Amino acid sequence: MAACFIVRAQVADSVVKSEFDRWYQEEHLPDARKAFNAQRAWRGWSELDRSLHYAIYEFDDVAGARAIQGSDALKGLVAEFDRVWGDKVKRSRDVVEVIQTIGA
């Protein structure tokens, strides 16, 4: 079944948020989708905590999503993220295997 690689970023400073949003939209999400060879990628801001940003990358299976961890692609993107944002944005990553879907 499908799997997702999910990046959760906390952008606590509202001044940084608009620039982060622009950068992620125009540069990082397209670059990451291509580097990861993900089927699809999407992102959004939490409605419960407006400082939380999620980026989700979809793969055919959990092996594809797991392969991101430790990959050269991830290392390069992390280095670029750290160069641009330093300690202004905290983030974590997870792999979620889809075990059930209902509907289209």
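Predicted model only: the values in this text are computed from it and were never measured.

**As for helix 3 (residues 72-85)**
Here helix 3 spans 20 Å end to end across 14 residues, near enough to the 20 Å set by a 1.5 Å rise per residue. Buried within helix 3 we find Leu74, Leu77, Phe81 and Trp85. Viewed end-on, helix 3 has its buried residues packed into an arc of 70°, placing them on one side of the element. For helix 3, the exposed residues lying more than 90 degrees away from the buried face are Asp72, Lys75 and Arg83. Along its buried surface, helix 3 packs onto strand 1 (3-10), helix 1 (14-36) and strand 4 (90-97).

**Structural notes on helix 1**
Spacing of three or four residues puts side chains on the same side of an α-helix, whose turn is 3.6 residues. Taken as a whole, helix 1 carries its principal kink of about 50° at tyrosine 24. When we look at burial in helix 1, the residues that qualify are Val16, Phe20, Trp23, Tyr24, His28, Leu29, Ala32 and Phe36. In this structure, the buried residues of helix 1 make contact with strand 1, strand 2 (40-45), strand 3 (52-59) and helix 3. Positive phi appears at asparagine 37, one or two residues downstream of helix 1, with a value of about 60°.

**Examining the pairing of strand 3**
Two faces belong to every sheet, and in a regular strand the side chains alternate between them. Within strand 3, seven of the eight residues are buried, which leaves it mostly tucked inside the rest of the structure. Pairing of strand 1 with strand 3 involves eight bridges; the strand directions are antiparallel. Bridged to isoleucine 6 within strand 3 is isoleucine 56. Inspection of the sheet shows strand 2 paired to strand 3 by six bridges, in the antiparallel sense. What sits directly across from alanine 41, in strand 3, is tyrosine 57. Hairpin remark: strand 2 followed by strand 3, antiparallel, with six residues in the connecting loop.

**What about the environment of glycine 86?**
By secondary structure assignment, the location of glycine 86 is in the loop between helix 3 and strand 4. Residue classification places glycine 86 among the partly exposed residues on the basis of a relative accessible area of 37%. Put simply, glycine 86 and aspartate 60 are 26 residues apart on the chain and 32 Å apart in space, counted from C-alpha to C-alpha.

**Regarding the sheet that holds strand 4**
Pairing is antiparallel in the open sheet, where four strands are placed in the order 2-3-1-4. Of all the strands in the sheet, the pair left with one neighbour each is strand 2 and strand 4. The sheet shows a mean angle of 15° between the axes of neighbouring strands, taken without regard to direction. Taken together, the eight bridges between strand 1 and strand 4 define a ladder with antiparallel strand orientation. Counterpart to glutamine 10 in the pairing with strand 4 is lysine 90. The strands that helix 3 touches are strand 1 and strand 4; relative to strand 4, the one it contacts most, it runs at about 155°.

Criteria and cut-off values
- All chains use their own residue numbering, which begins from 1 and follows the written sequence.
- Where totals are concerned, whole chains, interfaces and linings use all residues; where local detail is concerned, this predicted model gives features only for residues with pLDDT of at least 70, and gives and counts side-chain atom pairs only at 80 or more.
- The basis for every side-chain value is the complete set of non-hydrogen atoms in the structure, without hydrogens or water.
- The helix count covers DSSP runs of H or I at least four residues long, the strand count covers runs of E at least two residues long, and both are numbered beginning at the N terminus.
- Here, expected helix span is obtained from the residue count minus one, scaled by 1.5 Å.
- Relative accessible area decides the class of each residue, using a 1.4 Å probe on protein chains only: under 20% of the type maximum gives buried, over 50% gives exposed, and in between gives partly exposed.
- Each direction from the helix axis to a C-beta atom contributes to the arc, which is the arc of those directions.
- Contacts between residues were defined by any pair of non-hydrogen atoms, one from each residue, lying within 4.5 Å.
- Axes are fitted to the seven residues ending at a residue and to the seven starting at it; the angle between these axes is taken as the bend at that residue.
- A strand pair is defined by DSSP finding two or more bridges across the two strands.
- Here an axis means a line fitted to C-alpha atoms, over the contact stretch when the element is a helix, while the angle between two N-to-C directions is reported on a 0 to 180 degree scale.

Function cannot be inferred from these measures alone, as they are strictly geometric.
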